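The chain contents come next:
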Amino acid sequence: SQKIEQNSEALNIQEGKTATLTCNYTNYSPAYLQWYRQDPGRGPVFLLLIRENEKEKRKERLKVTFDTTLKQSLFHITASQPADSATYLCALLMDSSYKLIFGSGTRLLVRP
Amino acid sequence: DVKVTQSSRYLVKRTGEKVFLECVQDMDHENMFWYRQDPGLGLRLIYFSYDVKMKEKGDIPEGYSVSREKKERFSLILESASTNQTSMYLCASSLGAWGTANTGELFFGEGSRLTVL
């Protein structure tokens with residue numbers, strides 16, 4: 001069956017450290033993978049897109065990798081801050097579809 | 001500033017009632033989507049529309065219908081609300097065709113939390 005898996009347990013880290021979140025998928029062949037941030041009671045906000053032919057993408061303190069062999073994306077936040085505390089969602093898009101398929105998200109807590 | 005506006009943040013309805021959730025976007029986007037979000041299940045696609053009067057079923061369309069009479073407005077209808085439709089409903093929009101020049105970013109509204117008693 002098709003699955004997108006993100007760690008359901010919260011990731012708890014100290015301010016200043018690098019946070020690494022994982023998105024694994026099975027039985028999909030996505031053309032694109034996106035990451036979103038969601039704060040409690042709010043809609044998700046787009047952060048980054050990475051395409052299947054890209055290994056890595058960076059934006060300020062954010063870095064995303066995409067390994068289509070391992071069927072995995074890693075999302076890194078360097079020099080993390082308490083304001084980075086939120087739930088982070090990965091989403092897959094197949095090449096011939098408008099539909100984004102979301103993981104259930106991982107909650108990140110950054111302690112001051 | 002781009003905006004997707006959902007008509008109600010919180011609704012409480014009774015079983016069997018007809019429920020309308022309205023969504024308006026001001027970005028002239030072709031695509032609009034309705035998702036529901038439940039703890040541990042993530043966002044699940046109910047319906048989407050890629051043009052006026054066009055609609056396609058998502059992964060969980062049962063018990064729902066949609067209407068898109070104008071480009072900027074996409075409505076979700078629960079014909080007869082049931083308790084298992086208690087959820088957070090999220091509307092989103094995106095530009096038309098995906099490709100190198102388009103990140104396919106979804107712009108979400110703030111959500112409508114529906115409780116069916």
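What comes next concerns the included structure.

Cut-off values and rules
Residues numbered from 1 in each chain as written. Chains lettered and ligands numbered in written order. Predicted model: local features only at pLDDT ≥ 70, side-chain atom pairs only at ≥ 80, totals over all residues. Heavy atoms only, no water. Helix = DSSP H or I, 4+ residues; strand = E, 2+ residues; numbered from the N terminus. Contact = heavy atoms within 4.5 Å. Polar contact = N/O pair within 3.5 Å; in protein donor to acceptor, adjacent residues only side chain to side chain. Phe/Tyr/Trp six-rings, centres within 6.5 Å; stacked < 30°, edge-to-face > 60°. Pairing = 2+ DSSP bridges. Axes fitted to C-alpha atoms, helices over the stretch in contact; angles between N-to-C directions.

Residue and element names in this part refer to chain B. In this fold, Thr15 is placed in the loop between β2 (10–13) and β3 (19–25). If near-sequence neighbours (up to four positions away) are discounted, Thr15 is found in contact with Ala81, Thr83, Val116 and Leu117. Reaching out from Thr15, the side chain makes a polar contact with the backbone oxygen of Leu117 at a distance of 2.7 Å.

Generally, phi is negative for residues other than glycine and the peptide bonds are trans, each holding for most cases. Residue and element names in this part refer to chain A. With a phi angle near 55°, Glu60 is a residue other than glycine that sits in the positive phi range. Within the element layout of this structure, Glu60 appears in the loop between β6 (56–59) and β7 (62–67). The residue Ala79 is not glycine, and still its phi comes out positive at about 45°. Structurally, Ala79 is set in the loop between β8 (72–77) and β9 (86–93).

This next bit is on the packing of aromatic side chains. As enumerated under the stated definition, the model contains twelve aromatic pairs over all chains in all. Measuring from centroid to centroid gives 5.9 Å for Tyr36 of chain A and Phe108 of chain B, while their planes differ by 90°, and the two rings are edge-to-face. Residue Tyr36 of chain A is located in strand β4 (residues 32–38), and its partner Phe108 of chain B is located in strand β10 (residues 107–108); the two belong to separate chains. Joined through ring pairs, the aromatic side chains of Tyr36, Phe46 and Phe102 of chain A together with Phe33, Tyr35, Phe48 and Phe108 of chain B make up one cluster.

Residue and element names in this part refer to chain B. Strand order in the open sheet formed by four strands is β1-β3-β8-β7, and the pairing between neighbours is antiparallel. Both edges of this open sheet fall to β1 (4–6) and β7 (65–70), since each of them pairs with a single strand only. Shown here is a sheet whose adjacent strand axes are inclined to one another by a mean of 20°, direction ignored. Direction of pairing for β3 relative to strand β8 (residues 73–78): antiparallel, over a ladder of six bridges. When the sheet's bridge partners are listed, Cys23 is paired in β8 with Phe74.

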